[in-house]
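Geometric and topological summary
Below, each chain spelled out in residue letters.
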Amino acid sequence: MAGIRSGRRLVQLLPVRLSFVPVRNKKIIKSESLTLFELNKKGTSYELPPGKREMLNVGEELKQWFRETNELIHRNPMLKCEHGNYEVIFRFNNPAAVKSWIVSTDKDNDTGKSSAEFTFTKNSTGLFHGYLSKEVPKDGKTKYAGYANITCPKPLKAFKRDTSWDWSLFNCMLLKVRGDGRPYSLVIGCNFEFDINWLNRWQCPLYTRGGPYWQLAKVPFSNFFLSHHGRIQDKQEYPELTIVNSLGITVMDAAEGPFALEIESIALMYDMNLSDTSRYETYHLKNFMD
């Protein structure tokens, strides 16, 4: 049977038989013949993830696969960046680019009442706006509330296979934004293999100026600090730029009220004057295991 193999993943181009298997009172679609599957990252079973259970357009996926293969064979990769080289990774100049980003707030998890949207504007930009509420739900557990976030879509290869971006040639981010004076946070996630690192995030504040003027913010990767499940770690590390799979922008400055951040583009840049190591002090204790 014809198929495409890449690493541990196999995508079969022919139809497959699917069955419903109850697991903890839930129905999970599984492949009986394992002709269409993707290895579950948690290693529990060969479940077909939501959104990947059906091949909606095999022709388009094949075209994308051929484009990726052709690029891999004929491309001339950049092995080193010169000072000032940059690459735009996100440009919000069309509604599809804005709509692809995921919006989330504390209201989605029943831990608050904030609201947010990411909309396309008449200026051909993306506008992240909403209302930040500090009202805490009366559940007896939640102590703090008030956050909103937008996250880019995860990178996918042909046939919806997971992949990641390699940003290791660059050492800073370049954002063209127009803010409301609030501080925002840039959040970078990586595609780690072991589950102990899945909740690792690198964060860095993005300070905006109020008013009608655009600002070009340069954020070095050395300014990002490591956190796990929202808690800042004592031992800091430089971001793992070879396996990046998510980028988000969060507002949670504990100031209730409306917010608005207009974004034109996000780019990566190499600046020879910036360091490639974390700028934060790390304290090596005598009995601390590295």
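Preceding this section is the structure that the text describes.
Let us look at the structure shown here. The structure displayed is predicted, hence computed values, not measured ones. Numbers given to residues run from 1 along each chain, matching the order in which its sequence is written. Totals for whole chains, interfaces and linings use every residue, but because this is a predicted model, local features are given only for residues with pLDDT of at least 70 and side-chain atom pairs only at 80 or more, for both listing and counting. As a convention, hydrogens and water are excluded, and side-chain values are obtained from all of the structure's heavy atoms.

**Here we look at the overall build of the protein**
Using the following cut-off: Strands here are runs of E lasting at least two residues and helices are runs of H or I lasting at least four, both read from the DSSP assignment and numbered beginning at the N terminus. Each residue is assigned to one of three classes by its accessible area relative to the maximum for its type, calculated with a 1.4 Å probe on protein chains only: buried under 20%, partly exposed between the two thresholds, exposed over 50%. Here, residues are in contact when the closest pair of their heavy atoms is within 4.5 Å. The accessible surface values rely on the Shrake-Rupley method and a 1.4 Å probe; as for residues, cover is taken only from the protein chains in view.
Each helix and strand counted, the protein has 2 helices and 20 strands in total. Within the protein, buried positions represent 36% of all 290 residues. In the protein, once contacts between residues fewer than 6 apart in sequence are set aside, the share between residues at least 24 apart is 70%. In the form shown here, the protein has an accessible surface area of approximately 18400 Å², with 53% of it arising from carbon and sulfur atoms.

**Comments concerning the nonpolar core**
The condition that has to hold: Residues belong to a common nonpolar core when they are buried Ala, Val, Leu, Ile, Met, Phe, Trp, Tyr or Cys residues joined through side-chain atoms within 4.5 Å.
Grouped together as the largest cluster of nonpolar side chains are 41 residues, with contacts concentrated most on F128, M173, I188, F221, F224, I263 and I266. The residues touching I188, leaving out its near neighbours within four places in the chain, are W167, M173, N200, R201, W202, F221, F224, V244, S246 and L247.

**Let's talk about the sheet that holds strand 19 (residues 244-251)**
Either a parallel or an antiparallel arrangement is found when strands of a sheet pair, and the pairing is made through backbone hydrogen bonds. So the rule is basically this: Two strands pair if DSSP finds at least two bridges between them.
Across the sheet, which stays open at both edges, the 7 strands sit in the order 7-10-19-14-15-17-18 with antiparallel pairing between neighbours. The outermost strands of the open sheet, each flanked by one partner alone, are strand 7 (102-105) and strand 18 (231-232). Here strand 14 (residues 183-190) runs beside strand 19; their pairing, made up of 6 bridges, is antiparallel. Residue pairing across strands places V187 opposite G248, the latter belonging to strand 19.

**Quick look at the pattern of salt bridges**
So the rule is basically this: Any carboxyl oxygen of Asp or Glu that lies within 4 Å of a side-chain nitrogen of Lys or Arg is treated as forming a salt bridge with it.
By the definition in use, this model includes 8 salt bridges. Residues E60 and K63 are paired through a salt bridge, measuring 3.8 Å at the closest nitrogen-oxygen approach. Placement of both E60 and K63 in helix 1 (residues 58-74) is noted, with a separation of 3 residues, approximately one turn of the helix. Among the ionic contacts, a cluster of salt bridges with common partners joins D180, R182 and D253.

**Quick look at the environment of K141**
Position of K141 relative to the elements: it lies in the loop between strand 9 (126-132) and strand 10 (148-151). According to the relative accessible area criterion, K141 is exposed, its value standing at 71%. Along the sequence, K141 and T111 sit 30 residues apart, while their C-alpha atoms lie 9.2 Å from each other.

**Considerations on the pairing of strand 8 (residues 115-120)**
A regular strand places its side chains on the two faces of the sheet in alternate fashion. Across 6 bridges, the pairing between strand 8 and strand 9 is antiparallel. Residue S115 lies in a different strand from strand 9, and its bridge partner there is Y131. Counting the residues between successive antiparallel strands, the hairpin from strand 8 to strand 9 contains 5 residues, one of them, S124, with a positive phi of roughly 60°.

**Considerations on the packing of aromatic side chains**
Heads up, the rule is: What counts as a ring pair is set by centres within 6.5 Å for rings of Phe, Tyr and Trp (its six-membered ring), and what kind of pair is set by the plane angle: stacked under 30 degrees, edge-to-face over 60, tilted for all other angles.
Counted under the stated rule, the structure contains 12 aromatic pairs. On the numbers, 5.9 Å between centres and 85° between planes, the contact of F90 with W165 is edge-to-face. A residue pair is termed long-range when its members are at least 10 positions apart, and F90 in strand 6 (residues 86-91) and W165 in the loop between strand 12 (161-162) and strand 13 (172-178) qualify at 75 residues. A relative accessible area of 12% places F90 in the buried class. Aromatic side chains W165 and W167 sit 6.0 Å apart centroid to centroid with 10° between the ring planes, which places their arrangement in the stacked category.

**Examining the environment of N171**
Positionally, N171 belongs in the loop between strand 12 and strand 13. Considering only alpha carbons, one finds N171 and V219, 48 residues apart in sequence, at a separation of 8.8 Å. When sequence neighbours within four positions are dropped, the list of residues in contact with N171 reads P220, F221, Y238, M269, Y270, D271, L274 and D276.

**Looking at the side chain of T125**
Turning to its location among the elements, T125 is positioned in the loop between strand 8 and strand 9. In contact with T125, other than residues within four places in its own chain, are F92, V98, T119, F120, W214, E262, I263 and E264.

**Concerning unusual backbone geometry**
Residue S124 is not a glycine yet carries a positive backbone phi of 60°. Secondary-structure assignment places S124 in the loop between strand 8 and strand 9. Classification of S124 as partly exposed rests on a relative accessible area of 33%. Even without a glycine there, the phi angle at H229 is positive, about 55°. Tracing the backbone through its elements, the reader meets H229 in the loop between strand 17 (225-228) and strand 18. The exposure class assigned to H229 is exposed, which follows from its relative accessible area of 60%.

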